[in-house]
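Residue strings, one per chain:
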Amino acid sequence: MDLDSDDRAMLAGDHGEAAAMAMRLLVAVGRGQAAPHLIDIESAHIDGCLYHGRAGLDFARRLVRGGGGVRVPTTLNVSSLDLLHPDLYKGDAVTAGLAMELMDSYVQMGCRPTWTCAPYHLEPRPAFGSQIAWGESNAIVFANSVLGARTNRYGDFMDICCAITGRAPLTGLHTYEGRWGSLVMHVDLAGGLLDDDLTYALIGHVVGRLAGSEIPVLIGLDRRADEERLKALGAAAASSGSIGMVHVVGVTPEALTLEAATGDAPHGVGPVIDERGLETAFRELSRGTGRLGAVSVGTPHMSYESLLRLAAMVEGRRTRLPFYVNTARNTLERAPAQVQLLEAFGATLVTDTCTYITPIMGDIDGDLMTDSAKMAYYAPANLGVTVRLGSLDDCVVSAVQGRVVSSRWDL
Amino acid sequence: MTVGTALVLDEPISMWGGVDVHTGRICEQGHPQHGESLQGKILVMPHGRGSSSSSSVLAELLRTGLGPVGIVLRTQDSILHIGALVAEELYHVSCPVVVSTLDIDGGGVWEIDDGMLRRVEK
């Protein structure tokens with residue numbers, strides 16, 4: 001792999017020990033991917049600020065000790081703690097202390113304390129065609145697919161190595177050809193289904209299962225697949241599969257036509273995604289016992305627009321069950337009136353973290369209902385809960401009635 | 001050089017959310033190999049899955065000795081690769097991540113030496 005003089009200087013330690021280690025790791029990964037050289041990146045989003053054990057903290061400490069600082073604007077993903085509502089955390093104090101140190105380390109390196117898994121809701125958004133290095137699987141899919149920005153699937157460690165060096169290996173989704181769709185899938189669903197938000201989460205789950213590490217190209221969706229729905233689709237696909245980008249023909253910016261999406265490379269044709277496939281996906285994700293215990297929405301973090309919509313839905317109503325709303329602190333600050341409505345409804349607002357990654361909800365007496373396929377995918381193993389999937393409207397109505405109410409998906 | 005029994009997964013897993021970091025066992029609900037331990041094994045799967053936190057979880061499993069001794073994939077996965085590299089950097093624990101198209105489906109004992117995969121015994 002060719003390194004320029006600046007890369008070599010970093011590698012030699014001219015910019016400090018942290019930059020040297022970051023460059024060393026970047027070069028090793030780049031060689032593994034047969035990258036010809038590194039490229040400049042414009043921004044980074046760090047997934048590594050969520051505490052999973054000592055290894056993540058040891059790494060961050062090493063970088064801070066070595067004088068690590070980010071070279072490009074860098075946002076931070078969710079962490080283990082809600083700094084705005086610290087009383088929500090029900091975990092042990094030792095873990096909380098280590099998680100806090102991890103968070104502080106990344107802020108110390110110059111990252112913005114945004115604490116959100118939906119950095120695409122923040123300004124400035126990466127421009128079409130810009131080269132970035134993002135962690136957080138759902139954010140990666142959104143950046144590539146919806147914004148047309150270019151990032152590979154970066155994991156913890158790699159994200160901060162890119163941010164500190166301002167560089168990334170030129171491979172995969174950073175390249176023009178590396179973004180061509182490789183597996184074409186037809187979506188064959190009746191019109192009514194395409195007006196249902198949950199449909200898009202279920203399509204995403206199926207796409208991730210079927211496409212593995214391919215770049216899927218979906219045909220058969222239209223402009224009803226708006227940003228919110230693409231967000232749900234991408235988050236689900238990035239959970240059940242190893243997906244970094246999804247083309248939706250006629251909808252996403254690099255898929256104005258099928259030919260544009262697939263480029264000159266040969267591509268496979270996958271199974272048709274039909275209503276039966278979605279029913280199977282629903283049954284996989286929604287294995288509730290029937291008794292409702294709590295509701296959690298906003299995985300990935302709820303957008304400002306959805307928060308407004310949710311607040312309008314709950315106005316004048318009252319939940320009978322614990323009801324959690326995960327969103328970014330930035331979004332919360334923009335909607336004080338809506339926050340009041342949600343609190344009057346009885347909702348608990350969670351920022352900086354998410355209910356499926358850290359102990360906030362405590363013991364749930366019954367199923368957890370959510371509108372998120374990503375939450376439904378991970379919560380059973382993470383939290384030991386049974387999950388019931390429903391649309392946002394279903395979640396609200398069910399919370400008010402204290403039992404599962406389903407407008408469409410009731411298998 | 002690394003030697004271990006191949007644990008060939010019927011479905012890929014995400015290290016984060018799919019493997020219990022405290023036990024090294026597969027915890028993804030409904031996974032065909034739910035409950036199996038990765039410890040000391042050469043983990044074989046077509047590709048990674050899911051979360052970008054998988055790098056951290058792999059590094060943590062390698063730190064505590066609960067992780068695999070090697071990983072074989074069909075396509076390169078930088079999320080797993082960087083997790084293994086960081087464990088080597090911090091703790092001098094080796095877990096080579098190699099890409100191979102060899103038929104390993106039957107399991108058996110394999111070795112990874114300098115990036116090359118070889119069968120030791122059936």
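The structure presented is a predicted model; accordingly, all values stated were derived computationally and were not measured.

Moving on to the sheet that holds strand 4 (residues 97-99) of chain B. Residues and elements named next belong to chain B. Strand order in the open sheet made by the six strands is 4-3-2-1-5-6, with mixed pairing throughout. Strands with a single pairing partner mark the edges of an open sheet, and in this sheet they are strand 4 and strand 6 (116-121). Adjacent strand axes in the sheet meet at a mean angle of 30 degrees when their direction is disregarded. As judged from the four bridges shared by strand 2 (residues 42-45) and strand 3 (residues 70-73), these two strands associate in the parallel manner. Directly across from valine 44, in strand 3, lies its bridge partner valine 72.

Residues and elements named next belong to chain A. One open sheet accounts for three strands, arranged 3-2-4; its pairing is parallel. Each having just a single partner strand, strand 3 (74-76) and strand 4 (133-134) make up the two edges of the open sheet. Note: strand 2 (residues 44-46) against strand 4, two bridges, orientation parallel. Bridge pairing links alanine 44 to alanine 133 in strand 4.

Turning our eyes to something else, we now look at the packing of helix 3 (residues 54-65) of chain A against helix 3 (residues 78-91) of chain B. Where helix 3 of chain A contacts helix 3 of chain B, the two axes come as close as 11 Å, and the packing angle between them is 65 degrees. Accordingly, the angle class assigned to the pair helix 3 of chain A and helix 3 of chain B is roughly perpendicular. For helix 3 of chain A against helix 3 of chain B, the interelement crossing comes out left-handed. Across from Arg54(A), Ala55(A), Asp58(A), Phe59(A) and Arg62(A) in helix 3 of chain A, the residues of helix 3 of chain B making contact are Val86(B), Glu89(B), Leu90(B) and Tyr91(B). Here the contact of helix 3 of chain A with helix 3 of chain B is composed, by residue class, of five nonpolar, no polar and four charged.

Interface extent is often summarised as the accessible area lost during association of the parts. All names here are of chain A. Here chain A is partitioned into domain 1 (5-175), domain 2 (183-282) and domain 3 (286-401). Just the C-alpha atoms count here: the centres of domain 2 and domain 3 sit 25 Å apart. Domain 2 puts 14 residues into the contact, and the matching count from domain 3 is 17 residues. Counting the surface lost from both domain 2 and domain 3, the interface buries some 1100 Å², and carbon and sulfur atoms represent 58% of this. Here domain 2 and domain 3 share one salt bridge between them. Between aspartate 197 and arginine 309 there is a salt bridge, with its nearest N and O atoms 3.1 Å apart.

Turning our eyes to something else, we now look at a nonpolar patch on the surface. Residues and elements named next belong to chain B. On the surface, a nonpolar cluster with roughly 300 Å² of combined accessible area is contributed by Met1, Val3 and Val120. The topology assignment puts valine 120 in strand 6. Taking the relative accessible area as the measure of exposure, valine 120 reaches 43% and is therefore partly exposed.

Listed as interface residues are 34 residues of chain B and, on the opposing side, 41 residues of chain A. Across the chain B to chain A interface the summed buried area is about 3100 Å²; carbon plus sulfur atoms make up 57%. Per-residue buried area on chain B facing chain A is highest for Trp16(B), Ser52(B) and Glu89(B); these three make up 20% of the total on that side. At the surface where chain B touches chain A, the tally comes to four salt bridges. The residue Arg209(A) makes a salt bridge to Glu11(B) at a minimum N-O spacing of 3.6 Å. Linking chain B to chain A there are 20 residue pairs in polar contact (both at pLDDT 80 or more). In terms of residues, the side of chain B that touches chain A owes the most to one element, helix 3 of chain B, which gives 10 residues.

Rules used throughout
Residues numbered from 1 in each chain as written. Chains lettered and ligands numbered in written order. Predicted model: local features only at pLDDT ≥ 70, side-chain atom pairs only at ≥ 80, totals over all residues. Heavy atoms only, no water. Pairing = 2+ DSSP bridges. Helix = DSSP H or I, 4+ residues; strand = E, 2+ residues; numbered from the N terminus. Axes fitted to C-alpha atoms, helices over the stretch in contact; angles between N-to-C directions. Parallel < 35°, antiparallel > 145°, perpendicular 65-115°, else oblique. Left-handed = near helix turned anticlockwise from the far one by under 90°. Contact = heavy atoms within 4.5 Å. Nonpolar A, V, L, I, M, F, W, Y, C, P; charged D, E, K, R; others polar. Domains from an automatic or database assignment. Buried area = accessible area lost by both parts, 1.4 Å probe. Salt bridge = Lys/Arg side-chain N within 4 Å of Asp/Glu carboxyl O. Patch = residues over 30% accessible without salt bridge, like charges linked within 9 Å, V, L, I, M, F, W, Y side chains within 5 Å. Areas by Shrake-Rupley, 256 points an atom, 1.4 Å probe, with all protein chains shown as cover. Buried < 20%, exposed > 50% of the residue type's maximum accessible area, 1.4 Å probe, protein only. Polar contact = N/O pair within 3.5 Å; in protein donor to acceptor, adjacent residues only side chain to side chain.

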